[in-house]
Every structure is written in structure tokens, then in C-alpha cells.
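Secondary and tertiary structure notes
Take a look at the letters that make up each chain.
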Amino acid sequence: EAGVAQSPRYKIIEKRQSVAFWCNPISGHATLYWYQQILGQGPKLLIQFQNNGVVDDSQLPKDRFSAERLKGVDSTLKIQPAKLEDSAVYLCASSLMGQNTEAFFGQGTRLTVV
Amino acid sequence: QQPVQSPQAVILREGEDAVINCSSSKALYSVHWYRQKHGEAPVFLMILLKGGEQKGHDKISASFNEKKQQSSLYLTASQLSYSGTYFCGTEPDSSYKLIFGSGTRLLVRP
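This section reports on the structure supplied with the text. Predicted model, so just to flag it, every value in this text is computed and none were measured.

Every other side chain in a regular strand lies on the same face of the sheet, so the side chains alternate between the two faces. Residue and element names in this part refer to chain B. Counting buried positions along strand β7 (residues 60-65) yields five of six residues, so the element is predominantly enclosed. Relative to strand β8 (residues 70-75), β7 is paired through six bridges, and the arrangement is antiparallel. Residue pairing for β8: Ile60 is matched across the bridge by Leu75.

Take the packing of aromatic side chains next. Going through the model one piece at a time under the given rule, you end up with 10 aromatic pairs over all chains. A ring pair is formed by A:Phe105 and B:Tyr34, whose centres lie 5.7 Å apart and whose planes are at 85 degrees; its orientation type is edge-to-face. Separated into two different chains, A:Phe105 in strand β10 (residues 104-105) and B:Tyr34 in strand β4 (residues 28-36) make up a pair that spans both. Of the two residues, A:Phe105 and B:Tyr34, both sit in the buried class. For the ring pair B:Tyr34 and B:Phe44, a centre distance of 5.7 Å and an interplane angle of 70 degrees mean the geometry is edge-to-face. Taken together, the positions of B:Tyr34 in strand β4 and B:Phe44 in strand β5 (residues 43-49) put the pair 10 residues apart, joining distant regions of the chain. Feature note: the residues A:Tyr33, A:Tyr35, A:Phe105, B:Tyr34, B:Phe44, B:Phe87 and B:Phe100 constitute an aromatic cluster, connected by ring pairs.

All right, on to the interface of chain A and chain B then. Contacts between the two partners involve 24 residues from chain A and, on the opposite side, 21 residues from chain B. Counting the contacts that link chain A with chain B gives one salt bridge. Among the salt bridges present, the one from A:Asp56 reaches B:Lys97, with a minimum N-O distance of 3.6 Å. At the junction of chain A and chain B, the tally comes to four residue pairs in polar contact (both at pLDDT 80 or more). Elements supplying a minimum of two residues to the side of chain A that touches chain B: β4 (31-37), β5 (44-50) and β6 (53-56) of chain A.

Neighbouring strands of a sheet are bound in pairs by backbone hydrogen bonds; such pairs are parallel or else antiparallel. Residues and elements named next belong to chain A. Strand order in the open sheet formed by four strands is β1-β3-β8-β7, with antiparallel pairing between adjacent strands. Two strands bound the open sheet, and with one partner strand each, they are β1 (5-7) and β7 (65-69). When the angles between neighbouring strand axes are averaged without regard to direction, this sheet yields 15 degrees. Strand direction decides the pairing type here: β1 and strand β3 (residues 19-24), joined by three bridges, are antiparallel.

Moving on, we get to unusual backbone geometry. For the bond running from A:Gln80 to A:Pro81, omega is -5 degrees, close enough to zero to count as cis. Here A:Pro81 is to be found in the loop between β8 (75-79) and β9 (88-95). Of note, the amide linkage connecting B:Ser6 to B:Pro7 takes the cis form, showing an omega dihedral of -5 degrees. Structurally, the position occupied by B:Pro7 is in the loop between β1 (4-6) and β2 (9-13). If you check the backbone angles, A:Arg16 has positive phi at about 80 degrees while not being a glycine. Locating A:Arg16 in the fold gives a position in the loop between β2 (10-13) and β3. Its relative accessible area of 64% is what places A:Arg16 among the exposed residues. With a phi close to 55 degrees, A:Lys71 is a non-glycine residue in the positive phi region. Relative to the helices and strands, A:Lys71 resides in the loop between β7 and β8.

Conventions adopted
- Residues numbered from 1 in each chain as written.
- Chains lettered and ligands numbered in written order.
- Predicted model: local features only at pLDDT ≥ 70, side-chain atom pairs only at ≥ 80, totals over all residues.
- Heavy atoms only, no water.
- Buried < 20%, exposed > 50% of the residue type's maximum accessible area, 1.4 Å probe, protein only.
- Helix = DSSP H or I, 4+ residues; strand = E, 2+ residues; numbered from the N terminus.
- Pairing = 2+ DSSP bridges.
- Phe/Tyr/Trp six-rings, centres within 6.5 Å; stacked < 30°, edge-to-face > 60°.
- Contact = heavy atoms within 4.5 Å.
- Salt bridge = Lys/Arg side-chain N within 4 Å of Asp/Glu carboxyl O.
- Polar contact = N/O pair within 3.5 Å; in protein donor to acceptor, adjacent residues only side chain to side chain.
- Axes fitted to C-alpha atoms, helices over the stretch in contact; angles between N-to-C directions.

Structure (C-alpha cells):
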């Protein structure tokens, strides 16, 4: 079974630039999560999709972050414009149903904003 | 809303036992446990559902006290491969959100 795919693995940008991350979840998984993990901290939930719909985006800084999940499969997370404090690993995870099911994580995208 | 984990860090000798705790102020539907090694993605260990069940996975087991909204992860006869950061993830009642604690760093030495 193929795992959760993310790209790129690494990205370095200057502050005020924009960046986009891509995630392809495990086939058939209805739930998709985007987490931000700052060095030394636990993953922070940014947004959670159930199929096409957003379940929760209360922690997403909507003035600069946006995310979409087209056709309930792939997802992109965008930051525009980036700030220094956005430097982190962005993890995508997916699960079969959401509640009460294991979440599978991708390798993440390490973003450095300089 | 973020669960609280304790201790923040543990150092063990190979073969020793450890307990990691996770507590929440919210009523919980379930608790997940994950382990993350440096530079890698979190890997699922187990899920515990409301009902106070206890689960085991090799020499790693966990319990969930629904009344106290607490879960504990038990690592028995630790191995070098157990080193990493352990995160609990909680699903509040009536919510599909999976929210993680700040983690417990575990180092097992020979």
C-alpha cells in the first residue's frame, strides 16, 4: 500500500514570498489533515478535511494560509506571504474515516523562511 | 484544548520501564499514541477508545481512564529502538479533530 506522498521535501524561501505544498493521501482515505510542527514541539493541526469539506480550520492563519482539497483526493497548502515564524515542518496525514481511525503521516515538507 | 503530556523528557537504561502520561481538560472520545524519531514522520502505535480499555503492542501498552480524561503509555523492558518522541493525540467528543500534545522525549541508553 502506497503511503502519504508529500512534495517538496525541503523548501527555502525569503520572507514575503509565497510557497505551496502538495499532499497525496492514501487511496480511499476520506480524512486529510495538515499539521505544522515547529522544532521541538508537537504537531499543530492547521486544517482537517473530510472528503471535500473542511471539518476544522480554527488554527489556520487565514490571512496568509489557504488550503484546498480538490475532488476529495489531493490537497495543497499555500502560504502567502511567508513570515520567519512559518519556518517549520508541514506534515500531511490521512485516515480512512477520521474519528477513531489511525492517521498515516507523510514525510513532511521542511520549510525555512529567511 | 491541547492535551498535556508528562514528563517532558525521560532517560532510561536499556531494560528499564517508563510511563508517559497524557491528560485533557475536555471529554475525550479516543486517545492515539504515536512515536516520532528524529527527522521522520510520526508513526502510529495504538488507539484507545472511550470505555477505559487497555491495549498492548509487544512491550508497549496503554490505558485510558475516561473519568479522569487521562491516558498512560507503558514501556516495559525498554529497548534502544524505543528512543524517540512520543505524542498523544486526542479526539474530543463529537469532533473529528485529532489534536496532539507537546510530546515526551525518550532516550534509551545501552
